[in-house]
Amino acid sequence: MTSRSFDDRLERIQWVPGAVPSQDVIDSVLGGQRGLAKARSVGATLLGAILGICIGFGLKGMTLVGSPWGPDTGLVGVIGGGLSLSGLAVSVTLAIYAALRSRRHPWLMQFASMNLLMIVVLLLS
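In this report, we go over the structure that sits alongside the text. Everything numeric in this text was worked out from a predicted model, so none of it was measured.

About the cut-offs
Residues numbered from 1 in each chain as written. Predicted model: local features only at pLDDT ≥ 70, side-chain atom pairs only at ≥ 80, totals over all residues. Heavy atoms only, no water. Helix = DSSP H or I, 4+ residues; strand = E, 2+ residues; numbered from the N terminus. Contact = heavy atoms within 4.5 Å. Areas by Shrake-Rupley, 256 points an atom, 1.4 Å probe, with all protein chains shown as cover. Polar contact = N/O pair within 3.5 Å; in protein donor to acceptor, adjacent residues only side chain to side chain. Axes fitted to C-alpha atoms, helices over the stretch in contact; angles between N-to-C directions. Parallel < 35°, antiparallel > 145°, perpendicular 65-115°, else oblique. Left-handed = near helix turned anticlockwise from the far one by under 90°. Nonpolar A, V, L, I, M, F, W, Y, C, P; charged D, E, K, R; others polar. Buried < 20%, exposed > 50% of the residue type's maximum accessible area, 1.4 Å probe, protein only. Patch = residues over 30% accessible without salt bridge, like charges linked within 9 Å, V, L, I, M, F, W, Y side chains within 5 Å. Salt bridge = Lys/Arg side-chain N within 4 Å of Asp/Glu carboxyl O.

Moving on: the overall build of the protein chain. In terms of helices and strands, the protein chain carries five helices and zero strands. Order of helices (α) and strands (β) in the protein chain, N terminus to C terminus: α-α-α-α-α. For the protein chain, the share of sequence-separated contacts (at least 6 apart) that also reach a separation of at least 24 residues comes to 59%. Carbon and sulfur atoms form 69% of the exposed surface of the protein chain, whose accessible area is close to 9,200 Å².

Shown next as structure tokens:
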């Protein structure tokens with residue numbers, strides 16, 4: 001009974017022994033792999049890490065005495081500290097936005113998560 005139902009299924013889908021897949025099937029399989037590779041972009045992760053290191057370095061320098069933009073450095077300290085704090089604010093805002101839109105833009109989530117990770121690592125070190 002099982003072999004007969006299997007043969008019936010093959011007849012319904014019009015399977016021919018030795019048949020090759022259609023071009024539509026091939027394109028759908030290859031297109032899925034290209035989309036996955038595109039979603040796992042190394043560039044977004046690397047860019048997020050580099051910007052996170054720059055922002056974290058700026059934030060860390062704000063607290064160190066003797067750094068060019070640290071405490072008691074005047075206008076340079078205000079500008080350097082302001083840029084670092086605004087970078088942190090943009091990073092947190094971008095991470096929240098990326099968390100909400102991660103299905104449509106997976107590369108943005110990679111960028112934002114790596115960015116925040118590098119900021120936290122530098123601040124805690």
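Moving on, we come to the side chain of Ser 67. Structurally, Ser 67 can be placed in the loop between helix 3 (42-63) and helix 4 (75-100). A polar contact of 3.1 Å, which involves the side chain of Ser 67, links it to the backbone oxygen of Leu 64. Each residue touching Ser 67, except ones within four places of it in the same chain, is listed here: Gly 61 and Thr 73.

In this section: the packing of helix 3 against helix 5 (residues 106-124). Close contact between helix 3 and helix 5 brings their axes to 7 Å; oriented N to C, the two are set at 30°. Here helix 5 runs roughly parallel to helix 3, going by the angle between their axes. Taken as a pair, helix 3 and helix 5 cross one another with a handedness that is right-handed. Tallied by class, residues from the contact of helix 3 with helix 5 come to 15 nonpolar, six polar and one charged.

Phi is positive for Asp 72, which is not a glycine, with a value near 60°. One can find Asp 72 in the loop between helix 3 and helix 4.

What follows concerns the side chain of Ser 84. The topology assignment puts Ser 84 in helix 4. Take Ser 84: its relative accessible area is 8%, and that puts it in the buried class. Side-chain polar atoms of Ser 84 contact the backbone oxygen of Gly 80, separated by 3.0 Å. Setting aside anything within four residues of it in sequence, one finds Ser 84 in contact with Ile 55, Gly 58, Leu 59 and Met 62.

A cluster of nonpolar residues, Leu 75, Val 78, Ile 79 and Leu 83, forms a patch on the protein surface that exposes about 440 Å² of accessible area. Positionally, Leu 75 belongs in helix 4. Residue class for Leu 75 comes out exposed when judged on its relative accessible area of 64%.

Here we take up the packing of helix 4 against helix 5. Where helix 4 contacts helix 5, the two axes come as close as 9 Å, and the packing angle between them is 140°. On the basis of the axis angle, helix 4 is oblique to helix 5. The element helix 4 and its partner helix 5 pack so that their crossing is left-handed. Note on element contacts: helix 5 touches helix 4 through Leu 108, Met 109, Phe 111, Ala 112, Asn 115, Leu 116 and Ile 119, opposite Leu 88, Ser 91, Val 92, Leu 94, Ala 95, Tyr 97, Ala 98 and Ala 99. When its residues are assigned to classes, the contact of helix 4 with helix 5 shows 13 nonpolar, two polar and no charged.

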